[in-house]
Amino acid sequence: MRLVKPEIQGKLYLCLLSNASIPDSGFYRSCLDRMLLTVFWKWMHLDPCEGIFDNPLLYEKGWDKKLNYIIAIAKDGVYDVTKRYTRKWHEVLSRRNITTEGALSAVLANITNDCRKGFTSQVLSTLEERDRNETEAIESDYHSKDYASTSLPGRQSGDKEWRISRSEFGSDDNRSLSSSSCPVRMCIDKHVTRIYNAFYPILHSFILNSLSKSRAVEILKMFRSIVVELRDSPFRMRKASIKRDSSSAKFFVDQMLPSFSELFEALSLKCELGMDGRVEICLAGDPVKTSLALPVVFDGLGDVIHNCNICDNFSKDSLSLPLVKLNRICSGLVLASGEELPFGIATSAFDGIQNSKWEEPNGAKGCWIIYKVLDNKMQELVAYELMSADDAPERDPMDWVVEGSKDGGRGWHVLDEQSSQRFETRFQRKTFKVNSAGFISTAFRFRFLKVLNDKETSRLQLGSIDLYARGS
């Protein structure tokens, strides 16, 4: 059988291996500039041109493409992953006429067997288990019932006329929130809110134990060094240890460690007492969750340490914003007037990671970003935080208006207005209280009116946006 290079309509998507130096992940490039990524023993869809990941129905549902074959190649085998990308398998089968299904399976199996020659029996057993799990996951995803309610955008990259000529423009009902060329994106940030909430019992314990500000900062820095050790250790074997070789370490283990239990859970980590009296920290669950959470915890600790240092009165009264960040709104939908692909997409403002940012290429003299609350839940916004990005201070927002909507974006009510704001440093957070008491919303809109210097740039950028609701 020959693997045929696709024409514009795409008879075959062939994913070619370009980097397999990492044991548990590989990076792949397709003939149609589409991307697949194997991450942590799982095939995952990744499209950096569109700024979209793990959304394999994008091409069938959003672009209206008629898929035939999607073949993924790795160092340990060749796989037919087409079924992950469709919910119309019978239609796809009618178009798969290069060869018979049996012949295709046999060819792929023979190639896979050749790739695995020389592997140990233990490795082969692990790979076979992975293959079974992957097959079960594909079947499970295929029979999920959320296809009809899934709304995906047409192609965003490339000239508009070119996209229309390829019949990839699509339609997106979600854009009814407002006019935009950007897709509606979902925030994958529930772990960020969980981590922010987990800092509260730690700080509360400091107050209950009458710790001074300097002592509290010392313990936070000690824990941050543990996070660094975990971050720098292998993905599947993340470990760190706490030696009880000083009075500070003994105090941390004996008195303070229990207050960190919620943060350990958010990190999918657990503590165990070693034979020599050390406390061993290791994985307690999915290593992917730990990998996602570690950079958020690292940046969050830096922010907590900074706020402790500048706190005038480290007491129970200080357990509020900006030191304590409870009730952060998460998992909503985001739509922006513009974004920079692939590294400046709108959801980067909500991912809890300091070094990412939302960048609006034409936002210097006016732009907007809308956040729609998950499941249209009514929320009262009581505060929000904005953080400056990593560079280019001339792109910082200076004047803006924050609005809320009760009807999903058809009408707007002003919640807050700011003018002549300046961020003095990079990664600086500013906290703003909302005084429009009692107004509940299902969506929030930031209208940025002006950047710091619109004569030097056409762009606006922000490191992060965090929204805080009134507690229940």
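These numbers come from a predicted model, not from an experiment.

Draft legend 1. Representation of a nonpolar patch on the surface. There is a patch of nonpolar side chains on the surface, built from Phe 53, Met 186 and Ile 188 and spanning about 330 Å² of accessible area. Mapped onto the fold, Ile 188 is located in the loop between strand S8 (185–186) and helix H6 (190–208). Residue classification places Ile 188 among the exposed residues on the basis of a relative accessible area of 52%.

Draft legend 2. Just the packing of aromatic side chains, in detail. In the structure shown here, the tally under the stated rule is twelve aromatic pairs. Aromatic side chains Trp 400 and Phe 432 sit 5.4 Å apart centroid to centroid with 85 degrees between the ring planes, which places their arrangement in the edge-to-face category. Placement of the pair is Trp 400 in strand S16 (residues 397–405) and Phe 432 in strand S18 (residues 429–433), with a sequence separation of 32 residues. Classification of Trp 400 as buried rests on a relative accessible area of 1%. Residue class for Phe 432 comes out buried when judged on its relative accessible area of 7%. Between Phe 446 and Phe 448, the ring centres sit 5.8 Å apart and the planes meet at 15 degrees, which makes this aromatic pair stacked. Phe 448 shares its class with Phe 446; the two are buried. Joined through ring pairs, the aromatic side chains of Trp 358, Tyr 384, Trp 400, Phe 432, Phe 446 and Phe 448 make up one cluster. Residue placement shows Lys 430 over the ring face of Phe 423; its charged tip is 5.9 Å from the ring centre.

Draft legend 3. A look at the packing of helix H7 (residues 213–231) against helix H8 (residues 247–256). Packing of H7 against H8 brings their axes to within 11 Å, and their N-to-C directions diverge by 90 degrees. When the axes of H7 and H8 are compared, the pair comes out roughly perpendicular. Here Arg 215, Glu 218, Ile 219, Met 222, Phe 223 and Ile 226 of H7 lie close against H8, whose contacting residues are Ser 248, Ala 249, Phe 251, Phe 252 and Met 256. Residue classes in the contact of H7 with H8 are distributed as eight nonpolar, one polar and two charged.

Draft legend 4. Seen up close, the sheet that holds strand S10 (residues 269–273). In space, the three strands of this open sheet follow the order S9-S11-S10, with antiparallel pairing throughout. In this open sheet, the two strands that pair with only one neighbour each are strand S9 (239–242) and S10. For this sheet, the mean angle separating the axes of adjacent strands, direction not counted, is 25 degrees. Note: S9 against strand S11 (residues 279–283), four bridges, orientation antiparallel. If you follow Ala 240 over to S11, its bridge partner there is Ile 281.

Draft legend 5. Local environment of the pairing of S18. Because side chains alternate across S18, one face comprises the buried residues Lys 430 and Phe 432, and the other comprises Arg 429, Thr 431 and Lys 433, none of which is buried. In this structure, strand S15 (residues 379–387) lies alongside S18, joined through five bridges in antiparallel fashion. Along S18, the bridge assignment pairs Tyr 384 with Phe 432.

Cut-offs and rules
- Residues numbered from 1 in each chain as written.
- Predicted model: local features only at pLDDT ≥ 70, side-chain atom pairs only at ≥ 80, totals over all residues.
- Heavy atoms only, no water.
- Patch = residues over 30% accessible without salt bridge, like charges linked within 9 Å, V, L, I, M, F, W, Y side chains within 5 Å.
- Areas by Shrake-Rupley, 256 points an atom, 1.4 Å probe, with all protein chains shown as cover.
- Salt bridge = Lys/Arg side-chain N within 4 Å of Asp/Glu carboxyl O.
- Helix = DSSP H or I, 4+ residues; strand = E, 2+ residues; numbered from the N terminus.
- Buried < 20%, exposed > 50% of the residue type's maximum accessible area, 1.4 Å probe, protein only.
- Phe/Tyr/Trp six-rings, centres within 6.5 Å; stacked < 30°, edge-to-face > 60°.
- Lys NZ or Arg CZ within 6 Å of the ring centre and 35° of its normal.
- Axes fitted to C-alpha atoms, helices over the stretch in contact; angles between N-to-C directions.
- Parallel < 35°, antiparallel > 145°, perpendicular 65-115°, else oblique.
- Contact = heavy atoms within 4.5 Å.
- Nonpolar A, V, L, I, M, F, W, Y, C, P; charged D, E, K, R; others polar.
- Pairing = 2+ DSSP bridges.

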